[in-house]
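Each chain is listed here by its residues.
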Amino acid sequence: MSKTASTREFRKVDVDQFNEDNFQDETAAEESQGPNETEVNNSLQSKNNTQALKTVLQNPVASCRNPELKTRVFKLVMKVLSLFKSSEVETAVASLSAVEVDLLMKYVYRGFAEPTSDNICPILLLWHEKLFAVGGYGSIVRVLTNRQTV
Amino acid sequence: MTDISQISTFPITCHSWNADKSLVALSLNDNDVRIYKRDGTGKWNCLHTLEGHSNRVTGIDWGVKNNKIVTCGADRNAYVWQLQDNKWKPTLVLLRLNRAATCVRWSPNEAKFAVGSAARIISICYYEEENNWWLCKHIKKPIRSTVLSVDWHPNNVILAAGTSDYKARVFSAYVKEIEAKPEASTWGKKLVFGNLLAEFPAGTGNGGWVHSVSFSPNGNKLAWVGHCSSIAAADSASDNQVAILDCNLLPMVTCLWVTENSIVGAGFDCQPLLFSHGGGQLSLVAGLDSKVSSKEKTVTAMSMFKDMDKKGAGEVSTSVATKHQSAINEIRSVSKGSKGVNKISTSGTDGQMIVWNLDSLEKSIEGLRIS
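Note that the coordinates shown come from a computational prediction; the quantities given were computed from them, not determined experimentally. In this numbering scheme, every chain counts its residues from 1 along its sequence in written order. Lettering of chains starts at A and numbering of ligands starts at 1, both following the order in which they are written. Local features are withheld for residues below a pLDDT of 70 in this predicted model, meaning they are given only at 70 or higher, and side-chain atom pairs are given and counted only at 80 or more; totals for whole chains, interfaces and linings count all residues. Excluded from the side-chain calculation are hydrogens and water; included are all heavy atoms of the structure.

Caption draft 1: Spotlight on the overall build of chain B. Helix numbering and strand numbering both begin at the N terminus, where a helix is a DSSP run of H or I of at least 4 residues and a strand a DSSP run of E of at least 2. Counting its regular elements, chain B contains three helices and 28 strands. For the radius of gyration, the atoms used are the C-alpha atoms, and the globule rule reads 2.2 Å times the number of residues raised to 0.38. Taking 2.2 N^0.38 as the reference for a compact globule, 371 residues should give roughly 21 Å; the C-alpha atoms of chain B span a radius of gyration of 21 Å, in line with that estimate. Overall, chain B is about 75 × 50 × 40 Å in size when its C-alpha atoms are taken along their principal axes. Classification of the 371 residues of chain B by burial places 54% in the buried group. For each residue, the accessible area found with a 1.4 Å probe, counting protein chains only, is set against the maximum for its type, and the residue is called buried under 20%, exposed over 50%, and partly exposed in between.

Structure below.
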């Protein structure tokens, strides 16, 4: 028997990735640096939560291919969201543009999937409700259909 | 005003009207095409059943000039049906596909038709007199996924295709064997067969699958709807300027221009919606379903349980507020008036076919203005 008959490593290769007919995502990876973290932290310290929210949603990293950057930004967004008081959420959402509403909805869903703390879910549910009131079903559908994830 | 017909309990997959709009050919999610006629009492009766496909029928188009019906199915075939001695006789068209056909449309002069398929190919089929046979040519590049819908430009040469690789494209489908050289169009000058004239994204970012494409009445504009709940329009007369509208609603799966500036789209919201395209911008005007437009009532789950607890109500209503009880999957133009299309028909997965009279709806629904 040949030497390679005893190894079974070949069974772990995903042959589909080598199929030339596969759909390749054409969009080039944009090198986004993400939001300015010091600016966000400063806004949070000065209790300017709405400003912190707007800053953290700038320079979106959705089109990046860097998972560590994305996770860092995600954790920062969760921190900003949890620092809002329940009564302030609605006014904060009202100050966001349509694109920012869609982006924040993506973070909310990622937050559901990967909870960063024990009591983040009720906070996220409140944000989800307020974002849904503005963005409608379309914002949720865009979270599901967009291949560029946060 | 709106003419509601419950054709069947089965979903209507696709439908198409004949020239004088007295007959409608439709498929009830099975392998057959049925031709329905309305009798004096307003009831729809099945006049003919066209059996031929060995798998689900996915697209029907009735040629209003040649009175031929072309159907395509998941069995990778297309048939052209002709009425002979009060019977519909099929002619098989070899599409040379190895996947299902998804959509079919006659060209404006009805000498050829386009079939989109899951094989990432559009088959353009034309009739060859010498051999008494339908031949086909393929458009392959650069389509990367299933073709979900096709629509012809009024000049009979340019074809738009919506595909599930998140793009809407415009191709030239000039078949030199059967037609004269076309004039240059606003979409492009080089009209060689299979030439890609324009490519547009489904929506902002990646977008979603492009479910439907539609050319405006004079062919200068193209509209498409994507699964990302967006509708978009491109104007070839303004250098292919694209206007995208991300809607707050569930995705639409079909769209149709009713005038040069108004589009009707419909889908999972179960009602047709009117959009207006002007000044490079798209905006939602109103929904066509008067039942829903009149009262804005959002019922949350919490309030529903509160009501059940307070009033002791045990039953939950399963009907939806709109006329269509389920998603709409095709819009067709029924008749044209002075401004543009004034009657449209929608078929849905609830088995209903509803004809909407846009002129009378414009008068009755506040805020509905067709530009």
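Caption draft 2: How the structure looks around the pattern of salt bridges. By convention in these notes, a salt bridge is any Lys or Arg side-chain nitrogen within 4 Å of a carboxyl oxygen on Asp or Glu. Evaluated as defined, the whole model comprises 19 salt bridges over all chains. Residues D246(B) and R142(A) are paired through a salt bridge, measuring 3.8 Å at the closest nitrogen-oxygen approach. In this pair, D246(B) is assigned in strand β21 (residues 241-246) and R142(A) in helix α6 (residues 120-145), connecting two distinct chains. We classify D246(B) as partly exposed; its relative accessible area is 24%. Judged by relative accessible area, R142(A) falls into the buried class, the value being 9%.

Caption draft 3: Seen up close, the interface of chain A and chain B. Taken residue by residue, the interface counts 20 residues in chain A and 17 residues in chain B. Note: buried area is the sum, over both parts, of the accessible area (probe 1.4 Å) each one loses when the two are combined. Ranking the residues of chain A by area buried against chain B places F23(A), R142(A) and T145(A) at the top, with a combined share of 34%. Throughout this description, a polar contact denotes any pair of N or O atoms lying within 3.5 Å of each other; where both atoms belong to protein, one of them has to be capable of donating a hydrogen while the other can accept it, and for residues adjacent in sequence the pair is counted only when both atoms sit in side chains. Linking chain A with chain B are seven residue pairs in polar contact (both at pLDDT 80 or more). A per-class count over the side of chain A that touches chain B returns four nonpolar, nine polar and seven charged. Note on definitions: a residue-residue contact is assigned when non-hydrogen atoms from the two residues lie within 4.5 Å. Lys, Arg, Asp and Glu make up the charged group, whereas Ala, Val, Leu, Ile, Met, Phe, Trp, Tyr, Cys and Pro make up the nonpolar group; the residues left over, Gly among them, are polar.

Caption draft 4: Seen up close, the packing of aromatic side chains. When two rings of Phe, Tyr or Trp (its six-membered ring) have centres within 6.5 Å they constitute a pair, described as stacked for plane angles under 30 degrees, edge-to-face for angles over 60, and tilted for the intermediate range. All told, the structure shown has 13 aromatic pairs over all chains when counted by the stated rule. Geometrically, the ring pair formed by F84(A) and W127(A) is edge-to-face, given 5.0 Å between the ring centres and 90° between the ring planes. You can see F84(A) sitting in the loop between α3 (67-82) and α4 (89-94) and its partner W127(A) sitting in helix α6, a full 43 residues away along the chain. With a relative accessible area of 8%, F84(A) lands in the buried category. On the basis of relative accessible area, W127(A) is assigned to the buried category, the value being 0%. The interplanar angle of 45° and the centroid separation of 5.9 Å between the aromatic rings of Y79(B) and W81(B) together place this pair among those described as tilted.

Caption draft 5: Spatial organisation of the sheet that holds strand β23 (residues 262-267) of chain B. Residue and element names in this part refer to chain B. When DSSP locates at least two bridges between a pair of strands, those strands are taken to pair. Reading across from one edge, β22-β23-β24-β25 is the order of the four strands in this open sheet, with antiparallel pairing throughout. Only two strands of the sheet have a single neighbouring strand rather than two, namely β22 (252-257) and β25 (281-287). Ignoring which end each strand starts from, the neighbouring axes of this sheet average 30° apart. Bridge analysis of strand β24 (residues 273-278) against β25 gives six bridges, and the strand direction is antiparallel. Note that in β25 the partner of H277 across the bridge is L282. Comment: axis = line fitted to C-alpha atoms, over the contacting stretch for helices; angle = value between 0 and 180 degrees taken between N-to-C directions.

Caption draft 6: Seen up close, a nonpolar patch on the surface. Residue and element names in this part refer to chain A. A surface patch of nonpolar side chains, about 320 Å² in accessible area, is lined by V13, V15 and F18. Considering the arrangement of structural elements, one finds V13 in the segment before α1 (37-45). Its relative accessible area of 46% is what places V13 among the partly exposed residues. Residues enter patches when they are more than 30% accessible in relative terms and free of salt bridges; like-charged ones are connected within 9 Å and nonpolar ones (Val, Leu, Ile, Met, Phe, Trp, Tyr) within 5 Å. Note that accessible areas follow from Shrake-Rupley with a 1.4 Å probe, and for residues the cover is restricted to the protein chains shown.

Caption draft 7: Examining α1(A) more closely. All names here are of chain A. Regarding α1, the residues found buried are V40, S43 and L44. Burial along α1 is one-sided: seen end-on, the buried residues are contained in an arc of 100°. What points out from α1, more than 90 degrees from its buried face, is the exposed set T38 and Q45. Lining the buried residues of α1 we find α2 (49-56) and α3. Two residues or fewer past α1, K47 is found with a positive phi of approximately 60°. When we speak of the arc, we mean the arc of directions from the helix axis to the C-beta atoms.

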